[in-house]
2 protein chains.
Amino acid sequence: MTTAHPRLSINQATIKYANLADALQLTATAGVQSIGLWREPVAEVGLQNATRMVADSGLRVSSLCRGGFFTAFEGPARRAAIDENRRAIDESAALAAAGAAGSAPVLVLVAGGLPDRSTDLIGARSRVAEAIAELVPDAQAAGVTLAIEPLHPMYAADRAVISTLGQALDIAEPFPASSVGVVVDTFHIWWDPEVLTQIERAGAAGRIASYQVCDFLTPIPSDALLARGMMGDGHVDFRSLTRAITATGYAGDVEVEIFNAEIWDTEPAEVVARTVDAFAACIPLALP
Amino acid sequence: MTTAHPRLSINQATIKYANLADALQLTATAGVQSIGLWREPVAEVGLQNATRMVADSGLRVSSLCRGGFFTAFEGPARRAAIDENRRAIDESAALAAAGAAGSAPVLVLVAGGLPDRSTDLIGARSRVAEAIAELVPDAQAAGVTLAIEPLHPMYAADRAVISTLGQALDIAEPFPASSVGVVVDTFHIWWDPEVLTQIERAGAAGRIASYQVCDFLTPIPSDALLARGMMGDGHVDFRSLTRAITATGYAGDVEVEIFNAEIWDTEPAEVVARTVDAFAACIPLALP
C-alpha cells in the first residue's frame, strides 16, 4: 500500500456520495492528512457539528467549495448571492479554524454563467469583479482568502465566465493577496498556451490559494461536467504544471477533485486508495 | 423572403448530406453568392469535374476545408499528412480559380490533437508550426493562403492543440500574410478574454483569411463536435465580434459553418433559407 503524500488533500466532491462523517473518516483512515470540504454536506449536519467533527478528525481543511455565481444583474437574486457568499466566508473561517494546523481558510469561487438569454460576456465579467470587490471587506474581516477559479472555456456560457488564469489574476490584482487569490485546477487550465507564464505570475504575486489536480478525459461525456478523471487516465501533463507550481514556492495542500460518474459509483474507500496511488505516481511534488 | 447578404457563404458542412452538385445548386438558387467547400465531396466527383461544376455554378469559393493534422511524430504518418496537405493546397488553388471573381484560395488547417498516450502539448504545438513552415513554399507557389483555425479548448486533446487566435497568429507571424493566415470562427473563440485584441492584431497583420460564424449551444451534446448552432440560438455575441472584424477592414466572405445533428437532418434547402434569415438578423456587417 502506498503511503499518502503528506500534502495530498481529498476534495469531498471526489467521493460525492459519502456524507461528512464518512468522508472525514475515510480520508483519515487512508492516512491522508487533509480534506477539501463542500458546503452542502456541511449544511446537512450544521456548521457547529461540522466544526466539531473536523476538529475530532485531526485533518487539515484545504478549502471550502464553493461560493461565487456573481453574474446576475442588480436586483434581489444578486443580493441573495452576495449574502450567501458572506455566509460561505464565515463557514470557511470556522472550518479552517477547526482543522489541524496548516488548514487554509480558502473559499473557492465559481464565477457563474451568462444570465438567461444574455450574450454580454464582457458585462457578466464586470459583475463578477464588482461582486468580489464588494466581498473583500468581509473576507478580510474573517481572515478568509477568496479563491477565483477559472473554469474550462467549455463552461463559459453556463457556469463560469472566467476562463483563464490570466483573467482571474487580473480580477484579483487590485486586492491584497491574502484576501483574493486564484485556484489552479489542472482540468480547467491545462490547454492554455499561457498557463506556465500565468502560474509563475500567480506565484510571484502570492495568489495561488489552491492547487487542484485531476485529469481531462476524452471523449467528453454527455454531461460535460463529468469529463474529469483520475490522474494518469487522460491528457494532462501533470509534470510540467506541478513543476511550475513548485517553482513558485507554493507549499500548500494539493487537492484531488474529480467529478466522474464511474468514480462516484465506486466504493469511496477504494476511490481514496486509488487517489493515493495515482497522486504518488503522477504528481511530482518536491518533498515538503 | 429575405435577400441573401452578398457576402454570405454557405459552408458545405452546414448541409453535410448534400453532394457537391446539390450543394452548389441549393446555394445558388437561394441567391447566396459564395460557398465554402470540403475535400470529401469534391473527391467524390473528382477535382476536374468539381472545378467545372463550380465554374458553372457562378458561385465564389470562400475556402476549402480542410488540411492540417500535423501533430504526429516524424515518420511515415507525418510524411503522409504533409503530402496530403500538398494535394489540398493544389485543390484549393484549382477550386478558387474555377470560382467567380472574388474567390479565395484559402485552405483551412486544423492542427490535430495529441498523439495517442502523449501529454506533451508543447511538443505537439511545435510540430504543427514545423509542418506549416514546411508547407509555406508550396502554398506560395500555388498562391494559396494556409489558414490556421484555432479550435475551442474542449478539443485541445483530441482535435486541435491550437486553441486561441493569439497562438495561431504567433505561428503565422514568421511567414508572409499572403501565405499564412488565420480563421476566426465565432464558435471556437467567443469565450476568449483576448478575442477583440487578437482580432485587431490579426486584421492589422492582414491575416484574417476567413471569418466563420455559428453559435455555441448548451448543453453540449453527447458528441461535443455538434454543439454548434444557428446564429441566434446560443450564447455568442455576434455583434461585438463582427464589429471587431469589420473594424479591421476585412471585406471577404463570411461563412456559416454549423455541425449540428438536427440541422443535418433538415431539408438542405430549408437550412439554407434559415441561414439566410439568421445571417441577416444576427451578423451586422457594414454594407460591402
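Please read all numbers here as calculations on a predicted model, not as lab measurements.

Tallying secondary structure elements over chain A gives 11 helices and 10 strands in all. Here chain A has a C-alpha radius of gyration of 18 Å; the compact-globule value for 288 residues is 19 Å, and the two agree. Each principal axis of the C-alpha atoms in chain A carries an extent, and together these give about 50 × 45 × 40 Å. A separation of at least 24 residues holds for 79% of the contacts in chain A among residues at least 6 apart in sequence.

With an RMSD of 0.0 Å, chain B superimposes on chain A once it is rotated by 180° and translated 0.0 Å along the axis. Within this description, the copies of the chain are treated as partners about a two-fold rotation axis. When each C-alpha of chain B is compared by its distance to the rotation axis, serine 222 of chain B comes out closest, at 2.0 Å. Both copies contact each other with a shared surface, as 100% of the interface residues of chain B are interface residues in chain A too.

As a further point, take the interface of chain B and chain A. Listed by partner, the interface residues are 24 residues for chain B and 24 residues for chain A. Counted by class, the side of chain B that touches chain A contains 13 nonpolar, eight polar and three charged residues.

Next up on the list: the packing of helix H3 (residues 47–57) of chain B against helix H4 (residues 76–98) of chain B. All names here are of chain B. In the contact formed by H3 and H4, the axes pass within 8 Å of each other and the chain directions differ by 25°. Considering the angle they form, H3 stands roughly parallel to H4. In this structure, H3 crosses over H4, and the sense of that crossing is right-handed. Two secondary-structure elements touch here, H3 through Leu47, Ala50, Thr51, Val54 and Ala55 and H4 through Glu91, Ala94, Leu95 and Ala98. By residue class, the composition of the contact of H3 with H4 is seven nonpolar, one polar and one charged.

Turning next to helix H1 (residues 20–29) of chain B. Residues and elements named next belong to chain B. What H1 keeps buried is the set Leu20, Ala23, Leu24, Leu26 and Thr27. Against the buried residues of H1 lie strand E1 (8–11), strand E2 (34–38), helix H2 (39–45), H3 and helix H11 (268–282). Downstream of H1 by a residue or two, glycine 31 has a phi angle that is positive, lying close to 85°.

All names here are of chain B. Pairing within the closed barrel is parallel, and its eight strands lie in the order E1-E2-E3-E4-E5-E6-E7-E10. Pairwise comparison of adjacent strand axes, ignoring direction, gives a mean angle of 30° for this sheet. Examined bridge by bridge, strand E5 (residues 145–148) and strand E6 (residues 180–185) share three bridges and lie parallel to one another. In the strand pairing of E6, leucine 146 is matched with valine 180.

For the rest of this paragraph, the subject is the pairing of strand E3 (residues 60–68) of chain B. Residues and elements named next belong to chain B. Of all nine residues in E3, nine are buried, a share of seventy percent or more. Looking at chain direction, E2 and E3 are connected through five bridges and run parallel. Note that in E3 the partner of isoleucine 35 across the bridge is valine 61. Considered for its hand, the β-α-β crossover made up of E3, H4 and strand E4 (residues 106–110) is right-handed.

Here we take up the sheet that holds strand E1 (residues 8–11) of chain A. Backbone hydrogen bonds hold the strands of a sheet together, and the pairing may be parallel or antiparallel. All names here are of chain A. Strand order in the closed barrel formed by eight strands is E1-E2-E3-E4-E5-E6-E7-E10, and the pairing between neighbours is parallel. When the angles between neighbouring strand axes are averaged without regard to direction, this sheet yields 30°. The pairing of E1 with strand E10 (residues 254–256) spans three bridges and is classified as parallel. When the bridges of E10 are listed, serine 9 appears paired with glutamate 255. The strands that helix H11 (residues 268–282) touches are E1 and E10; relative to E1, the one it contacts most, it runs at about 140°.

Moving on, we get to the environment of glycine 123 of chain A. For glycine 123 of chain A, the location among the structural elements is in helix H5 (residues 121–142). Given 15 C-beta atoms within a 10 Å radius, glycine 123 of chain A is considered partly exposed.

It is worth spelling out the nonpolar core at this point. Counting residues in each nonpolar core, the largest one holds 197 residues, and the members touching the most others are Ile148 and Val182 of chain A together with Ile148 and Val182 of chain B. Setting aside residues no more than four positions away along its own chain, valine 182 of chain A makes contact with Ala147, Ile148, Leu165, Ala168, Leu169, Ala172, Ala202, Arg207, Ile208 and Ala209 of chain A.

Calculation notes
- Residues numbered from 1 in each chain as written.
- Chains lettered and ligands numbered in written order.
- Predicted model: local features only at pLDDT ≥ 70, side-chain atom pairs only at ≥ 80, totals over all residues.
- Helix = DSSP H or I, 4+ residues; strand = E, 2+ residues; numbered from the N terminus.
- Rg over C-alpha atoms; globule rule 2.2 N^0.38 Å.
- Contact = placed C-beta atoms within 7 Å.
- Least-squares fit on C-alpha atoms with pLDDT ≥ 70 in both.
- Nonpolar A, V, L, I, M, F, W, Y, C, P; charged D, E, K, R; others polar.
- Axes fitted to C-alpha atoms, helices over the stretch in contact; angles between N-to-C directions.
- Parallel < 35°, antiparallel > 145°, perpendicular 65-115°, else oblique.
- Left-handed = near helix turned anticlockwise from the far one by under 90°.
- Buried ≥ 20, exposed ≤ 12 C-beta atoms within 10 Å, placed from the backbone.
- Pairing = 2+ DSSP bridges.
- Right-handed = clockwise from strand over helix to strand, strands pointing away.
- Core = buried A, V, L, I, M, F, W, Y, C linked by C-beta atoms within 7 Å.

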